[in-house]
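One letter stands for each residue in the lines below.
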Amino acid sequence: KVWDLRNNECLQTISEGENLREKGAKNCCIVYDATRHRLITCGLCPHKWTINPQILNTSTDVTHRSPVVAALYNKNFGHVVTVAEDSEVTIWKYTTGQEVFNYIDQDRDAETFLSAAAFDDNGRRLITGDHHGRVKIWNFSNGACIKTLVKPTDAYRRQEIT
């Protein structure tokens, strides 16, 4: 639901629809585009929801092999970035929805899943965290891993980054 918090009224109810549910694209991440007044949600694929229901974009192409754990907007480059559990990072052109490029963590093993992502204050570094407690700092513009931070393991506690 999209709410007007000042007036405490529901502006729109958004439903995934049958075509998105069939592909298993449960929405797990959301970004609001204040300039264009639309929501961008991600499950297995990004989806744009325009606040005006007459011009709703219903594109349902699957763009990731695993669920998206973060959808971020980089204002410096004007890109939307989606980060999937399997460490695939995809950069999208904000105005057209076209894929600019993507990269994947080549050092990731099959047992490691990303659980969080964010940009640094300057928007030049993408920071990802996994469920083993590792944090990686990436050069956003070329996909190079700059640094890996590893917390000492504790056999009794899970170290997931969220």
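Residues numbered from 1 in each chain as written. Predicted model: local features only at pLDDT ≥ 70, side-chain atom pairs only at ≥ 80, totals over all residues. Heavy atoms only, no water.

Colleague: Explain the overall build of the protein to me, and be specific about the residues and the numbers.
Modeller: Secondary structure summary: the protein contains one helix and 13 strands in total. In sequence order, the protein lays out its α and β elements as β-β-α-β-β-β-β-β-β-β-β-β-β-β. Relative to its 162 residues, the protein shows a buried fraction of 39%. The contacts in the protein between residues at least 6 apart in sequence include a share of 33% that link residues at least 24 apart. Taken as a whole, the protein presents about 10000 Å² of accessible surface, with 49% of it coming from carbon and sulfur. (Helix = DSSP H or I, 4+ residues; strand = E, 2+ residues; numbered from the N terminus. Buried < 20%, exposed > 50% of the residue type's maximum accessible area, 1.4 Å probe, protein only. Contact = heavy atoms within 4.5 Å. Areas by Shrake-Rupley, 256 points an atom, 1.4 Å probe, with all protein chains shown as cover.)

Colleague: Can you tell me about the pattern of salt bridges, naming the residues and giving the values?
Modeller: Counted under the stated rule, the structure contains three salt bridges. Between Arg65 and Asp86 there is a salt bridge whose closest N-O contact spans 3.5 Å. Taken together, the residues span a long stretch of sequence, with Arg65 in the loop between strand 5 (46-50) and strand 6 (68-74) and Asp86 in the loop between strand 7 (79-84) and strand 8 (88-93) at a distance of 21 residues. For the salt bridge of Arg134 with Asp130, the shortest nitrogen-to-oxygen distance reads 3.0 Å. By relative accessible area, which is 5% here, Asp130 ends up buried. (Salt bridge = Lys/Arg side-chain N within 4 Å of Asp/Glu carboxyl O.)

Colleague: An account of the side chain of Thr82 is needed here, citing residue identities and associated values.
Modeller: Residue position: Thr82 is located in strand 7. On the basis of relative accessibility, which here comes to 0%, the residue Thr82 falls in the buried class. There is a polar contact of 2.9 Å between the side chain of Thr82 and the side chain of Trp92. Residues in contact with Thr82, not counting those within four places in the same chain, are Cys42, Pro46, His64, Val68, Ala70, Ala71, Glu88, Val89, Thr90 and Trp92. (Polar contact = N/O pair within 3.5 Å; in protein donor to acceptor, adjacent residues only side chain to side chain.)

Colleague: Hey, could you go over the packing of aromatic side chains for me, with residue numbers and the actual values?
Modeller: Summed over the entire model, instances satisfying the criterion amount to four aromatic pairs. Between Tyr103 and Trp138 the ring centres are 5.8 Å apart and the planes differ by 40°, which places this aromatic pair in the tilted class. In this pair, Tyr103 sits in strand 9 (residues 99-104) while Trp138 sits in strand 12 (residues 134-139), placing the two residues 35 residues apart along the sequence. Each member of the pair, Tyr103 as well as Trp138, carries the same accessibility label: buried. Each residue in the set Phe77, Phe119 and Phe140 is aromatic and connected to the rest through ring pairs, giving one cluster. (Phe/Tyr/Trp six-rings, centres within 6.5 Å; stacked < 30°, edge-to-face > 60°.)

Colleague: How would you summarise unusual backbone geometry if you had to cite specific residues and measurements?
Modeller: Of note in this structure, Ser87 is not a glycine but carries a positive phi near 75°. With respect to the element layout, Ser87 can be found in the loop between strand 7 and strand 8. Assessed through its relative accessible area of 4%, Ser87 is described here as buried.

Colleague: Hey, could you go over the pairing of strand 4 (residues 38-42) for me, with residue numbers and the actual values?
Modeller: Most of strand 4 sits inside the fold, with five of its five residues counted as buried. Burial along strand 4 is two-sided: Arg38, Ile40 and Cys42 facing one way and Leu39 and Thr41 facing the other are all buried. Note: strand 3 (residues 29-33) against strand 4, five bridges, orientation antiparallel. Following the sheet pairing, Asp33 is matched in strand 4 by Arg38. (Pairing = 2+ DSSP bridges.)

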